[in-house]
Amino acid sequence: MEKMRILAIDDNTVNLATLEQELKSKYEVVPMISGRRAIKYLYREQVDLILLDVEMPIMDGIETLKEIRTQENGVTVPVIFLTAKKDKATVIDGAKLGIMDYITKPFDPEDLHERIERVFKRLGVLPMEEEELYQRVTGISKDMKENRIKQAIVKTDEVLNYQIDEELSGRIRSVLNKLKQDHVENAIEMMDRVVDFMEQRLFSGRKANALPISESDISVRILYAVDDLTNFKRKEAIDKLNDLQKYNIGSYVRKCIEDAVQMLEEYDEVQAEEKMRGLLAELKKRSSTELSERAGESSAKAQAGYHLNMNK
């Protein structure tokens with residue numbers, strides 16, 4: 001299979017070399033030292049994606065992108081901004097010109113690959129993994145049940161742009177049609193069936209093969225993930241939560257962890273931490289209830305034994 005071509009534009013040669021080194025195993029990388037050179041290249045060549053530095057002398061990223069959008073090979077090409085600072089005005093200007101994402105420098109190599117793959121998935125060039133699709137579908141279901149219908153429509157429409165199999169795309173398209181017709185209750189029922197369908201495909205054999213784990217160990221692992229978040233280690237927290245899902249953790253705990261992972265994937269660390277702390281509180285409450293019940297059983301047995309001895 002031919003590698004997809006990425007045009008990397010940056011006035012810093014070190015940055016260009018780093019991008020090429022990080023991406024060359026998966027993609028064909030075309031480095032360009034200025035916006036002018038990149039524009040000339042696009043007159044005669046096509047690319048699958050552009051990584052565009054914002055802060056460049058003479059012709060900055062916004063000016064470069066405006067020029068790119070005027071030519072045949074640049075009208076629809078997806079663009080990811082590379083920026084040394086998260087500037088709201090720049091992001092807004094970029095959004096008007098159709099950028100699909102931005103990456104703050106210095107970038108994390110793993111994050112760079114994730115962002116690029118996410119863009120290609122949104123364009124339907126790469127397939128979406130079922131686990132990721134499941135997280136998105138359950139998120140849409142939650143939006144509908146909490147009456148965030150416009151948000152649910154946007155997210156459902158976006159999911160249908162991804163490369164997903166026919167069984168699922170047909171069902172999800174039906175949900176979207178019901179939402180647009182304002183048949184929300186029907187849409188919710190249909191999406192619940194989609195969730196059930198996906199859970200059967202994803203988790204039917206998982207429970208039998210899941211490793212045993214105690215609730216105290218689950219709590220400890222979640223605490224470690226929360227600790228990662230307080231230290232701005234988002235990826236480490238995601239890894240810990242994903243690792244936890246290979247254990248037999250129960251459907252409620254699994255759903256909470258999946259929700260937290262989805263929030264972290266969307267860089268919503270505050271909500272994710274809140275979700276995990278809520279889960280920890282629930283586990284603690286369940287543990288306390290279980291201890292109380294055991295104490296009650298022990299007391300009842302002791303009482304029964306006492307009466308039995310008295311009757312002898």
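Note that the coordinates shown come from a computational prediction; the quantities given were computed from them, not determined experimentally.

Q: Tell me what's going on with the pattern of salt bridges, and back it up with residues and numbers.
A: Counting across every chain of the model gives 23 salt bridges. Between R221 and D243 there is a salt bridge whose closest N-O contact spans 3.2 Å. With R221 in helix α11 (residues 215–230) and D243 in helix α12 (residues 234–244), the pair connects residues that are 22 residues apart, well separated along the chain. The exposure class assigned to R221 is partly exposed, which follows from its relative accessible area of 29%. Judged by its relative accessible area of 30%, D243 is partly exposed. The network of salt bridges with common partners includes K121, E129, E132, R136 and E158.

Q: I'd like a description of helix α5 (residues 109–122), backed by residues and values.
A: Across its 14 residues, α5 extends 20 Å between first and last C-alpha, which sits within 8% of the 20 Å expected from 1.5 Å per residue. Inspection of α5 places D111, L112, H113, R115, I116, E117, V119, F120 and K121 among the buried residues, and these make up the whole buried set. Following α5 by one or two positions, G124 adopts a phi angle in the positive range, close to 80°.

Q: Let's hear about a negative patch on the surface: which residues, and what values?
A: A cluster of acidic residues, D108, E110, E236 and D239, forms a negative patch at the surface. The class of D108 is partly exposed, set by a relative accessible area of 35%.

Q: Can you break down the packing of aromatic side chains residue by residue, with the values?
A: Following the criterion strictly, the structure yields one aromatic pair and no others. Geometrically, the ring pair formed by Y27 and F120 is tilted, given 5.9 Å between the ring centres and 40° between the ring planes. Here Y27 is found in the loop between α1 (13–23) and β2 (28–32), whereas its partner F120 is found in helix α5, with 93 residues between them in sequence. F120 carries the same exposure label as Y27, and that label is buried. Here R171 stacks its cationic end above the ring of F197, 4.2 Å away from the centre of that ring. The aromatic ring of Y267 is capped on one face by R234, whose charged end is 3.9 Å from the ring centroid.

Q: Which residues make up the packing of helix α2 (residues 35–44) against helix α3 (residues 61–68), and what are the values?
A: Taken N-terminus to C-terminus, the directions of α2 and α3 make an angle of 15°; their axes are 10 Å apart at the nearest point. Looking at the two axes, α2 sits roughly parallel to α3. For the pair α2 and α3, the sense of crossing is right-handed. Residue-level inspection shows G35, I39, L42 and Y43 of α2 in contact with α3, the latter providing T64, E67 and I68. Class assignment of the residues belonging to the contact of α2 with α3 gives a composition of four nonpolar, two polar and one charged.

Q: Lay out the nonpolar core with the relevant residues and their values.
A: In globular proteins that are soluble, nonpolar side chains generally tend to be buried together. Counting 25 residues, the largest nonpolar core has L133, V137, M144, I172 and M198 as its most contacted members. Within the residue set of this core, elements represented by two or more residues are α6 (130–145), α7 (149–159), α8 (166–180) and α9 (184–203). With eight residues, α9 is the largest single contributor of residues to this core. Not counting residues up to four positions away in its chain, the partners in contact with L133 are M128, V159, I164, L168, I172 and M198. In this structure, A237, L241, C256 and M276 belong to the second largest nonpolar core, which totals 24 residues.

Q: Could you give an account of the environment of R122, naming the residues involved and the relevant values?
A: Here R122 is to be found in helix α5. Owing to a relative accessible area of 30%, R122 belongs among the partly exposed residues under this scheme. Measuring from C-alpha to C-alpha, the distance between R122 and L160 comes to 8.8 Å, with 38 residues separating the pair along the chain.

Q: Could you give an account of α3, with specific residues and numbers?
A: Within the span of α3, buried status applies to G61, I62, T64, L65 and I68. Down the axis of α3, the buried side of the element spans an arc of 160°, and every buried residue falls inside it. Near the N-terminus of α3, the side chain that reaches the backbone nitrogen of I62, with its oxygen 3.2 Å away, is that of D60.

Q: How would you explain the environment of C256 if you had to name every residue and give the values?
A: By the element assignment, C256 lies in helix α13 (residues 251–265). Accessibility expressed as a relative area gives 9% for C256, which makes it buried. Ignoring any residue separated from it by four or fewer positions in sequence, one finds C256 in contact with K275 and L279.

Rules of the game
Residues numbered from 1 in each chain as written. Predicted model: local features only at pLDDT ≥ 70, side-chain atom pairs only at ≥ 80, totals over all residues. Heavy atoms only, no water. Salt bridge = Lys/Arg side-chain N within 4 Å of Asp/Glu carboxyl O. Helix = DSSP H or I, 4+ residues; strand = E, 2+ residues; numbered from the N terminus. Buried < 20%, exposed > 50% of the residue type's maximum accessible area, 1.4 Å probe, protein only. Expected span 1.5 Å × (residues − 1). Patch = residues over 30% accessible without salt bridge, like charges linked within 9 Å, V, L, I, M, F, W, Y side chains within 5 Å. Areas by Shrake-Rupley, 256 points an atom, 1.4 Å probe, with all protein chains shown as cover. Lys, Arg positive; Asp, Glu negative; His and termini not counted. Charge placed at Lys NZ, Arg CZ, Asp CG, Glu CD. Phe/Tyr/Trp six-rings, centres within 6.5 Å; stacked < 30°, edge-to-face > 60°. Lys NZ or Arg CZ within 6 Å of the ring centre and 35° of its normal. Axes fitted to C-alpha atoms, helices over the stretch in contact; angles between N-to-C directions. Parallel < 35°, antiparallel > 145°, perpendicular 65-115°, else oblique. Left-handed = near helix turned anticlockwise from the far one by under 90°. Contact = heavy atoms within 4.5 Å. Nonpolar A, V, L, I, M, F, W, Y, C, P; charged D, E, K, R; others polar. Core = buried A, V, L, I, M, F, W, Y, C linked by side-chain atoms within 4.5 Å. Arc of directions from axis to C-beta. Polar contact = N/O pair within 3.5 Å; in protein donor to acceptor, adjacent residues only side chain to side chain.

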